[in-house]
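Working through the structure, step by step
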Amino acid sequence: MLVVLGVVLFALVLFTTEVLPIDVSAILVMVTLMVLEPWTGVSPAEGISGFANEATITVLAMLILSAGVSRTGVVQMLGARMAAFAGGDLRKQLLATIGVAGPASGFVNNTPVVAILVPVITDLAHEGNTSPSKLLIPLSFASMLGGMLTLIGTSTNLLASNVAGRLGDEYPTLHSFSMFEFTHLGAIVLVTGSLYLLFVGHRLLPERVPPEEDYVGEYEMDEYLTDVAVPEASPLVGSTVEEAVDTEQYDVDVLQLVRGESTFLEPIRQKTIRAGDVLRLRTDRGTLAELLSVDELRIVGTPAADEELEPGDETTLVEIVIPRDSTLVGETLETTSFRERYDASVLAFRRGRQLIRDRLEAVRMGVGDTLLVQASVDSIDRLSTNPDFIVAHQVPDPNYRTEKIPAALAIVAGVVAMPALNVLPILVSALAGVVAMVVTGVLHPGELYESVEWSVIFLLAGVIPLGVALERSGGAELIGEAVATSADFLPAIGVLWVFYIATGLVTEVISNNASVVLMIPVAVEAASRIGADPFAFVLAVTFAASTSFLGPVGYQTNLFVYGPGGYRFTDYARIGAPLQVLLSVVTVLGIAAFWGL
C-alpha cells in the first residue's frame, strides 16, 4: 500500500510540474507500476491493459468522429450564423458563443469544438467591436458544461463510466453509464452556468485584448518592425536575402521584399536584392542602427499603420496557438525550419503575460504559446488545416466538405442512438461510425491517424493501471476511510460536496482523466463507509472533473483561449471561482434529488 501511494504521489508531482509531457509522465507511471510488480501487483499484461481498455478505444473513435464532423464545416457554419444574429450586442454574442459550444460539446468531443470555434468567436468579437477577452473564456467554460450532457461529451465521462463498471462487481449499485444517464442533471448545470456567464461572468473579465484588431499594438511591435530601402551604394545589392544579414551576429528577420508593385513573401531567402528594393525587418532599434550604418540602408517608414498588415489582405497577420499534442512542443523555429516549412514568419511569442520579440529562432515552443505570424493568405490557409496549430482567425475560403454534412450528422446520430436504444455498446457503435466516416467519404483513410489526439490516448492508457493498483493495494480504502471521518460532523450530502470540491481542485493540478481515476475509488470507498450510495459519489466526481475553472492548465480548452484572449492566470479564477461554488451546490443538490444518497 505504501509503495502504491508513493507511486501515486510520484504521479501527482509529474502531472503538476509537467517536467515531462503529461502523456509521457503517464507512460512512466505505468512502467513504474510494472517494474514494482511484487509490491504493486500490476503485471505487464495488466500494466498495458489500458491500451485495450474500452474507454481508451471509445475515446479514440470519438476523436475521429469529431474530426469528421469538423471537416464538413457544420460547426463553423452554425457559429457563423449565430455571429450574424449577434451583431455588436455583447449579450447576444455571449448567447451565440454559449448556444453553439454548449450543446455541440454534448455530442462532439469538446476539445475539437473549442479548437474549431476559437477563430469564429475571435472574428465575431472584432466584427462586433467587442474584446475577445469577454468571449473566449466563456467559450471554453461552456464547452466543459456541454460535455456533461451525454456519455460521449468528454473522455472523462467515458473513463468514469469504465471505472464505475469495473467496481460494479464489488458495489452492486455501481454500473457503467448509459448514453443519457445524467443528461437531465447536465442540462440543469449547463443552463445554470450559461445564465451565470451571460449575466455575471463577463462583468468579471477585463478587456485584455482591445476590440479593434491591432496585432502590432497588442504585441508592442512598433519598435520592432521597420521598412528600409536599399540604395544603389548598399553592399547588399546583388546578394540574396539569406546572404544579406548575418543572423549569427544580428537578431533580425527579413519578413518581405517589395519591388515596385510586387511584394515577395516567404520563401524569399534566395531572392536577389536589387537597388530600390524595400525590405521589411523585424529587429530592435539597437540592431537596426548598426544595420543602417554598415549596410547603408535608409528607413522609409514603419508598417504599424499599413493596410497590408490587416487580416484579409495579401499579407496577413494572425495568431496561432500551440496545442498540447503539437509536434512543435519543445522545438524551436530553427530546429523545425519554420519559415521554409510553412512559408510564414514569426514576429513574436506570447507566453502568458510575457511577450518575446528577440532571438525568436532559439525560443523553445511550449503548450499554450501564442505566435504572431505574418504570411500570405495561401500560407494561412495551409496552417489552418495543420493539426500542429490552432489559427485564431477564420480563413477566407475554408476547404470544407459541406456536401458531406448530411452523412456526418447521420453517422453521429447513429452512434448516439445505438447504445441509447441498447442495440450496440458505445464501443461498437463508435468504431462502426469510424468505418462509416471513411466509407461515405467524410474522412479519407489517411486522415484517421492525424485526427487522434495521441497524447490523450497515451494518458488514458497510462493512468488506468494506476487506478487498478490503488484499489488492489488497499490505498483507496485507506484514503476513503480517512475522508469518511468527516461524516462525524457532516451529513452525507456534506461529504458529497467535499468530494466535489476536492475533485475540482485536484483537476486543476493534474489532468481531468487522472483525477477521475484517482478520486472515484476513494469516493466509492468513503460512500460505503458512511452508508451512502456510491453511485451518487461517482457522479459528483465525474461532474467535478469537468469543471476546471480556476486556471488555464487543468483543461486543454482553457489553454486554447489563453493566448488569443490575452488572459492572465488569475482571470480564470476571477470568473471561475464563483462559478465553481455555484455549480458545486447545484450539482450536489441535483444528485441528491435525482438519485438520492
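Anything mentioned here points back to the structure above.
Residues numbered from 1 in each chain as written. Predicted model: local features only at pLDDT ≥ 70, side-chain atom pairs only at ≥ 80, totals over all residues. Heavy atoms only, no water.

Moving on, we come to unusual backbone geometry. Within the chain, S337 stands out as a residue other than glycine whose phi angle is a positive 50 degrees. With respect to the element layout, S337 can be found in the loop between β6 (315-321) and α15 (338-342). With a relative accessible area of 36%, S337 lands in the partly exposed category. Residues other than glycine seldom take positive phi values, yet N422 does so here, at roughly 60 degrees. Relative to the helices and strands, N422 is located in the loop between α17 (405-420) and α18 (426-439). On the basis of relative accessibility, which here comes to 71%, the residue N422 falls in the exposed class. (Helix = DSSP H or I, 4+ residues; strand = E, 2+ residues; numbered from the N terminus. Buried < 20%, exposed > 50% of the residue type's maximum accessible area, 1.4 Å probe, protein only.)

Attention now goes to helix α1 (residues 2-17). At 3.6 residues per turn, the α-helix brings residues three or four places apart onto the same side. The terminal C-alpha atoms of α1 lie 22 Å apart, and with 16 residues this matches the ideal 22 Å at 1.5 Å per residue to within 8%. Those residues of α1 that fall on the buried side of the exposure criterion are V4, V7, V8, A11, L14 and F15. For α1, the buried positions fall inside an angular range of 125 degrees around the axis, keeping them on one side. Projecting away from the buried face of α1 at angles above 90 degrees are the exposed residues L2 and L9. Turning to α1, the residues buried within the fold contact α2 (22-35), α3 (37-40), α20 (454-473), α22 (492-509) and α23 (512-530). Two residues or fewer past α1, E18 is found with a positive phi of approximately 55 degrees. (Expected span 1.5 Å × (residues − 1). Arc of directions from axis to C-beta. Contact = heavy atoms within 4.5 Å.)

Applying the stated rule across the entire model yields 6 salt bridges. Close ionic contact of D277 with R259 constitutes a salt bridge, the shortest N to O distance being 2.8 Å. Here the residue D277 occupies a position in the loop between β3 (262-264) and β4 (278-282), and R259 occupies one in strand β2 (residues 253-259), the gap between them amounting to 18 residues. Residue class for R259 comes out buried when judged on its relative accessible area of 19%. E525 is the salt-bridge partner of R529, the closest N and O atoms lying 3.0 Å from each other. Pair noted here: R529 and E525 are both in helix α23, with a separation of 4 residues, about one helical turn. R529 sits in the partly exposed class, given a relative accessible area of 39%. E525 sits in the buried class, given a relative accessible area of 10%. (Salt bridge = Lys/Arg side-chain N within 4 Å of Asp/Glu carboxyl O.)

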